[in-house]
Amino acid sequence: MRTVEADALELVESGPVGDRAFHVREADGEIALTMRNPRLVQVVPTWNAPDQALALAFPDGRRIAAPVAHGEAVSTAFYDGRPVPGHIVEGPFAAALSEHLGRAVQLVANDAGVVGGDDHPVTLMSHGSLAAVSEALDGTVVDGRRFRMTIAIEGARAWEEDGWAGREVAIGTATLRVAVPTERCVVTMRDPDDGHGDLPILRALARLRGKRDVAFGVWCDVAAPGTVRVGDAVTPG
């Protein structure tokens, strides 16, 4: 759904607490990919984990809110083929999402400890790399939300984060271990507010990095849990 900013994140081994705690499931048991359901980004979620309360705001002004009630246990096939366990969320959410998307879907609460929908629990990008992509698009200002990054940092040169692979990076009271650059897909070419295709992001990345390289940002694991706040210093080891 819509990427939502946070002033602080509590990072645990499985990623930021509350991040990607849910997923949308197709009728065939596979995850509802954003590239097939671009209208998903029009839905703004608010998740109150302590109260177990979820709200979804739709572009037509509707707001669906209710406590999260777990129903049937299911396993959803994610984009990389791995099965992700969870429970169907009962209540009004599935019907509202199905109406918005024009197809039958379910909302699923991930089981505890599940690592979202990605290869690693945290992603990191620099504003320097984002500026390089904007420059490659003739100065078009590229919204960083296209890349759905967990953490964005200032003060690093373009692609500097790529060189941190295998190293630890301290941010706030947490420590990340950088894995590899993050390969990108066509979702980055869609507007992060309404989902329509508008910018050739992958073409720009290929021009900048090489024909077969469309990576942006880096995957990270959580080496030491802790809290990350806006404005915290970032210290590569």
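Structure: above.
Caption draft 1: Molecular detail of the overall build of the chain. When its secondary structure is counted, the chain shows three helices and 16 strands. When its C-alpha atoms are laid out on the principal axes, the chain stretches across 45 × 40 × 35 Å. Here the chain contributes 23 positive and 33 negative side-chain charges, whose respective centroids are spaced 5 Å apart.

Caption draft 2: A look at the sheet that holds strand 6 (residues 63–67). Reading across from one edge, 4-5-6 is the order of the three strands in this open sheet, with antiparallel pairing throughout. The open sheet terminates on both sides in strands that have one partner only, identified here as strand 4 (44–48) and strand 6. Strand after strand, the sheet turns through a mean of 10° between neighbouring axes, direction not considered. Of the pairings in the sheet, the one linking strand 5 (residues 53–57) to strand 6 comprises five bridges and is antiparallel in character. By the bridge assignment, Leu 54 is partnered in strand 6 with Ala 66.

Caption draft 3: Region of interest: the nonpolar core. With 19 residues, the main nonpolar core has Phe 93, Leu 97 and Leu 107 as its most contacted residues. Residue contributions to this core peak at four residues, all from helix 1 (residues 93–101). Those residues in contact with Leu 107, other than ones at most four positions away along the chain, are Met 1, Phe 22, His 23, Val 24, Leu 54, His 87, Ile 88, Val 89, Phe 93, Ala 94 and Leu 97. Counting 17 residues, the second-largest nonpolar core is a separate cluster that includes Leu 124, Ala 156, Val 169 and Val 228.

Caption draft 4: Molecular detail of the pattern of salt bridges. With the rule as written, the count across this model stands at twelve salt bridges. The partner of Arg 62 in a salt bridge is Asp 60, and the shortest N-O contact between them spans 2.9 Å. A relative accessible area of 25% means that Arg 62 is categorised as partly exposed. Classification of Asp 60 as exposed rests on a relative accessible area of 53%. The salt bridge involving Arg 145 is made with Asp 193; its shortest N-O contact spans 3.0 Å. One end of the pair, Arg 145, is in the loop between helix 2 (127–136) and strand 11 (151–153); the other, Asp 193, is in the loop between strand 13 (174–183) and helix 3 (201–209), with 48 residues separating them in the sequence. Its relative accessible area of 21% is what places Arg 145 among the partly exposed residues. On the basis of relative accessible area, Asp 193 is assigned to the partly exposed category, the value being 32%.

Caption draft 5: Layout of the environment of Met 35. As for its placement among the helices and strands, Met 35 is situated in the loop between strand 3 (22–26) and strand 4. The exposure class assigned to Met 35 is partly exposed, which follows from its relative accessible area of 38%.

Caption draft 6: Region of interest: unusual backbone geometry. Here the phi dihedral of Asp 138 falls at roughly 60°; this positive angle occurs in a residue that is not glycine. Along the polypeptide, Asp 138 turns up in the loop between helix 2 and strand 11. Owing to a relative accessible area of 78%, Asp 138 belongs among the exposed residues under this scheme. A positive phi angle, near 70°, is found at Trp 159, a position not held by glycine. Note on placement: Trp 159 falls in the loop between strand 11 and strand 12 (168–171).

Rules and cut-offs
- Residues numbered from 1 in each chain as written.
- Predicted model: local features only at pLDDT ≥ 70, side-chain atom pairs only at ≥ 80, totals over all residues.
- Heavy atoms only, no water.
- Helix = DSSP H or I, 4+ residues; strand = E, 2+ residues; numbered from the N terminus.
- Lys, Arg positive; Asp, Glu negative; His and termini not counted.
- Charge placed at Lys NZ, Arg CZ, Asp CG, Glu CD.
- Pairing = 2+ DSSP bridges.
- Axes fitted to C-alpha atoms, helices over the stretch in contact; angles between N-to-C directions.
- Core = buried A, V, L, I, M, F, W, Y, C linked by side-chain atoms within 4.5 Å.
- Buried < 20%, exposed > 50% of the residue type's maximum accessible area, 1.4 Å probe, protein only.
- Contact = heavy atoms within 4.5 Å.
- Salt bridge = Lys/Arg side-chain N within 4 Å of Asp/Glu carboxyl O.

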